[in-house]
Amino acid sequence: MSKLNHDVLYEIFQNLQDLINMTYTNDPDNLNKMINYKEFLRSQFSCLLVNKNWCGVMIPFLWSNPFKYAYKAHIKSSLFKIIISHLPDNSIKLLKDENIIETNFQKLKLSFNYVRFCKYFNDIHNTCTEILLREEIYKFFISECSSIKSLNTKMICYPILKYPGANISLSNLYELDCITNYQDFYYELAQMCKSIEKIHVVNDYYEESFGVVKLIEMQTQIKYVFIDGFYDECKKIIQALEKHVNSIIHLEITEYTSAIHFLILKLINLRYLKVLYNGYWILEKYVIYLNYHNLRVLDLHHISLDIAINIIKNTNGNLWKIRIGNTKYYDKTKEYNQTIHKYCPNIKYVTVFLDRDGTLEGLEKIFIKCQHLEAIDINKEINYKYIDKFLNLLLELAPLTLCKIHIYDISNCFDSDESLKLFLINWGHHKGKKTLHLYCDSDYTDIIRDIIHKYDIKDFWNYYISW
């Protein structure tokens, strides 16, 4: 019965952890609605105290990525001592001889071999700064951990592939950053690792990328791709990614080029597309050929609205998040708003425009037809002629799901603290409306800050809306 309880508990926590990780990957904001992540972490720690059985179940989960908890000095210090206490005596002696740790250091008595549960090493560098200490820690982790899922790029500077046990511990690697000036490392890694699904290519050098290319080619199915920087050698990386066109569901690129475009045409299962900088003229040229029936998230910057409109029309109504940043041309804002209410019935988060005739009417139709709407991002300033009508629309027609509003310049919307106060009072009086979260790009007064606290507006940052 004890064994059964242990297995059942393990399955419960494993499924919960997988659900949270999946939800965060697909929709970080939905995770905040589903569960307060910090509360979840605290509840995990409290599970350690239930009994010995629960403690034994929770330790592997908490230690799968212990470095994410090391954001406070006392936690980092405790974690450091526990990790050092795992090291073999010869390593301890070496570190003492080199004055890296105190000569009177005594190992802690450990109830578990905690290190063997570690899988994610994104923040491992935060626990130590000394090169020799890092090397001893990395060497021990590689030898003890049976299934490392993610590496920190700082580890690549060390000969971790030569450490005993590397062929086992790195064989199930899931996530990796590829810096294009470490080609030999990636070429060697390609011989032992075939299960990477998330890859981030940082292409800052005019060098051959044979290692990264080989690594990509050797993987079974890559799903998440991030490409930062683009030079001629990156074309070979794009060609290697063509092997994974059926599995890639997430693509983020900093620069749109013709080579990337011909890859994008083949990504029939793409769900997330983000283009950050430049190349809009290439995207505009070929956009009519893009048909993304599975696309859920569209995040475009430095593009013309014609591009956004054409992509949205070819997404089969599945989009739930659209963000438009720093658009090149504003002459199609009316048509853009109309496209949203015609083609995006399931939209939750969206950028809209209120800068010219017809845009306000478009927003009104969005409120009527898009009943899942949770957040709107008002791109640039609101035309002063529409402010009163816009605020009335929010109060009278906005769906009850709407709770986040980003306004570029709040002082343009509310000519006084009293008008803001009145709007908040009216919002609060509407039955069923959620607590409002306002965001802006301009400073606000102490009086407005007092209003925020009084009316329980939880987030009012001098920052863009949280996506």
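If you're wondering where the values come from, they're calculated on a predicted model, not measured in any experiment.

The tally for this structure, following the rule as stated, stands at eight salt bridges. A salt bridge links lysine 93 to aspartate 97, with the shortest nitrogen-to-oxygen separation between them at 2.9 Å. With lysine 93 and aspartate 97 both in helix H6 (residues 89-97), this residue pair falls four residues apart, about one helical turn. Notably, a salt bridge pairs glutamate 136 with lysine 139, separated by 3.8 Å at the nearest N-O pair. With glutamate 136 and lysine 139 both in helix H7 (residues 131-144), this residue pair falls three residues apart, about one helical turn.

With that settled, consider the environment of serine 147. When you line up the elements, serine 147 lands in the loop between H7 and helix H8 (166-169). Distance in space between the C-alpha atoms of serine 147 and leucine 173 is 7.3 Å, their sequence separation being 26 residues. Discounting chain neighbours no more than four positions away, the residues touching serine 147 are Cys118, Lys119, Ser169 and Asn172.

Of the two faces of strand S11 (residues 437-440), the one carrying His437 and Tyr439 and the one carrying Leu438 and Cys440 are both buried. With four bridges joining them, strand S10 (residues 404-407) and S11 adopt parallel strand pairing. When the bridges of S11 are listed, lysine 404 appears paired with histidine 437.

Here the focus is the packing of aromatic side chains. Taken as a whole, this structure holds eight aromatic pairs when the rule is applied. Ring centres of phenylalanine 121 and phenylalanine 141 lie 5.2 Å apart, and the angle between their planes is 85°; this geometry places the pair in the edge-to-face category. Placement of phenylalanine 121 in the loop between H6 and H7 and of phenylalanine 141 in helix H7 is noted, with a sequence separation of 20 residues between them. The same class applies to phenylalanine 121 and to phenylalanine 141, which are both buried. Ring centres of phenylalanine 185 and tyrosine 186 lie 5.3 Å apart, and the angle between their planes is 85°; this geometry places the pair in the edge-to-face category. Note on accessibility: phenylalanine 185 and tyrosine 186 belong to one class, buried. Within the aromatic cluster, the residues linked to one another by ring pairs are Trp63, Phe112 and Tyr114.

In terms of nonpolar packing, the biggest core is built from 124 residues, with Tyr336, Ile376 and Phe390 touching the most fellow members. In this structure, Leu9, Cys47, Val57 and Met58 belong to the second largest nonpolar core, which totals six residues.

Predicted coordinates in areas of low pLDDT are best not read in detail. Residues at a pLDDT of 70 or more form 79% of the protein, whose mean pLDDT is 80. Residue range residues 24-35 is modelled with pLDDT below 50. Its contacts to residues more than four positions away, or to other chains, number 21 contacts. When the criterion is pLDDT under 50, residues 459-464 qualifies, and its contacts beyond four places in sequence or with other chains add up to 24 contacts.

Its identity as a non-glycine residue notwithstanding, asparagine 99 has a phi of 60°, on the positive side. Among the secondary structure elements, asparagine 99 is positioned in the loop between H6 and H7. Given a relative accessible area of 64%, asparagine 99 falls into the exposed group. The phi torsion at asparagine 316 lies on the positive side, around 65°, for a residue other than glycine. Note on placement: asparagine 316 falls in the loop between helix H14 (305-313) and strand S7 (321-325).

Quick notes on the rules
- Residues numbered from 1 in each chain as written.
- Predicted model: local features only at pLDDT ≥ 70, side-chain atom pairs only at ≥ 80, totals over all residues.
- Heavy atoms only, no water.
- Salt bridge = Lys/Arg side-chain N within 4 Å of Asp/Glu carboxyl O.
- Helix = DSSP H or I, 4+ residues; strand = E, 2+ residues; numbered from the N terminus.
- Contact = heavy atoms within 4.5 Å.
- Buried < 20%, exposed > 50% of the residue type's maximum accessible area, 1.4 Å probe, protein only.
- Pairing = 2+ DSSP bridges.
- Phe/Tyr/Trp six-rings, centres within 6.5 Å; stacked < 30°, edge-to-face > 60°.
- Core = buried A, V, L, I, M, F, W, Y, C linked by side-chain atoms within 4.5 Å.
- pLDDT = per-residue confidence, 0-100.

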